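The primary structure of each chain is shown beneath.
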Amino acid sequence: MPHKLLIANWKANPESPEEARALFEAENNPGVIICPPAVYLEELHANGAQDVFWEGGAHTGEVSPEMLKELGVTHVLVGHSERRAIGETDEQINQKLKALLNAGMTPVLLIGEPEKSAARSDYLIDQLTRDLEGVSADGAAKIMFCYEPVWAIGTHAANLDDVVSAIHEMQSILDKMYGFKPSMLYGGSVNEKNLADFLNHPEISGAVVGGASLKAEEFKNMIEIATKL
Ligand code: PGA
């Protein structure tokens, strides 16, 4: 089992259950979290989901934490920038985090600035404080934090020094809030060529992988790289 975690975020791919099954069979491995679209969760018995609503009941189109849990999902992405971009607010992210923690599941909270700019700190502070409002230290300790700069998604990865400095900032914000400094995941154009650079860093505990997780051969190579570290 890899010591470092790989989380595959398939986004709205692939188009058919057959393709989803083939991709899942190629990628499913201990220590890997695979987040397929919700429609494939039941058939694949996947352990990850890309989103959740904070409760069941009269919420057309939504999926509750209990439903995901019932299917065997353990980890759920929360606050992905593609969801923030279509209007998901920090208040909604906060409710999702709390609902997942209440259900005993692990939220993977994605944090990052929209543009490469000097305002990075402001975004990190703002997102972390709003998203975690009212979350206890015990709860926060159960969350996996991922630094995922929006400008690095689907383009080219941030450089390692910038990632480490952003992670240090996030750790010091969390340290002020809760008194602990968790290791963090990195996301944003991680592929088989740059994975080892990120994972070799002691404070980076894993990677969230989008595009490269849709390429079965590449992702299998990435699992091998993570396993050898
Ligand atoms: P990417 O996506 O690896 O294609 O940049 C990562 C993500 O959006 O989580």
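This text follows the structure it describes.
A brief look at the structure comes next. On a predicted model such as this, the values are computed, not experimentally measured, just so you know.

Calculation rules
Residues numbered from 1 in each chain as written. Predicted model: local features only at pLDDT ≥ 70, side-chain atom pairs only at ≥ 80, totals over all residues. Heavy atoms only, no water. Pairing = 2+ DSSP bridges. Helix = DSSP H or I, 4+ residues; strand = E, 2+ residues; numbered from the N terminus. Contact = heavy atoms within 4.5 Å. Axes fitted to C-alpha atoms, helices over the stretch in contact; angles between N-to-C directions. Near = heavy atom within 4 Å. Polar contact = N/O pair within 3.5 Å; in protein donor to acceptor, adjacent residues only side chain to side chain. Areas by Shrake-Rupley, 256 points an atom, 1.4 Å probe, with all protein chains shown as cover. Nonpolar A, V, L, I, M, F, W, Y, C, P; charged D, E, K, R; others polar. Buried < 20%, exposed > 50% of the residue type's maximum accessible area, 1.4 Å probe, protein only.

A word on the sheet that holds strand β5 (residues 106-111). Pairing in this open sheet of 8 strands is parallel, and the strands run β2-β1-β8-β7-β6-β5-β4-β3 from one edge to the other. Each of the sheet's edge strands pairs with one partner strand only, and the pair in question is β2 (32-35) and β3 (48-49). Sheet topology places β5 next to strand β6 (residues 144-147); 4 bridges connect them, and they run parallel. Of the residues in β6, the one forming a bridge with V108 is M144. Docked against the sheet, helix α8 (residues 160-178) engages β5, β6, β7 (184-187) and β8 (204-209), running at close to 140 degrees with respect to β6.

Here the focus is the site of the ligand. Neighbouring the ligand are N9, K11, H80, E148, I153, G154, G188, S189, V208, V209, G210 and G211. Backbone polar atom of G211 to an oxygen atom of the ligand: 2.8 Å apart, as the coordinates give it. When the free accessible area of the ligand is taken as 280 Å², the share hidden by the protein chains comes to 96%. Taken together, the residues of the shell around the ligand sort by class into 3 nonpolar, 7 polar and 2 charged.

Another aspect to go through is unusual backbone geometry. Of all residues except glycine, most have a negative phi; of all peptide bonds, most are trans. With an omega of -10 degrees, the peptide bond running from N13 to P14 counts as cis. At K11, a residue that is not glycine, the phi angle is positive and equals roughly 55 degrees. On the secondary structure map, K11 appears in the loop between β1 (5-9) and α1 (17-27). Look at H45: it is not a glycine, yet its phi comes out positive at around 55 degrees. Relative to the helices and strands, H45 is located in the loop between α2 (41-44) and β3. Overall, H45 belongs to the exposed group, its relative accessible area being 62%.

Our focus in this paragraph is the environment of G72. Examined against the element boundaries, G72 turns out to sit in the loop between α3 (65-70) and β4 (75-78). Separated by 26 residues in sequence, G72 and A46 have C-alpha atoms that sit 7.1 Å apart. Ignoring sequence-local partners within four residues, the contact set of G72 consists of A46 and N47.

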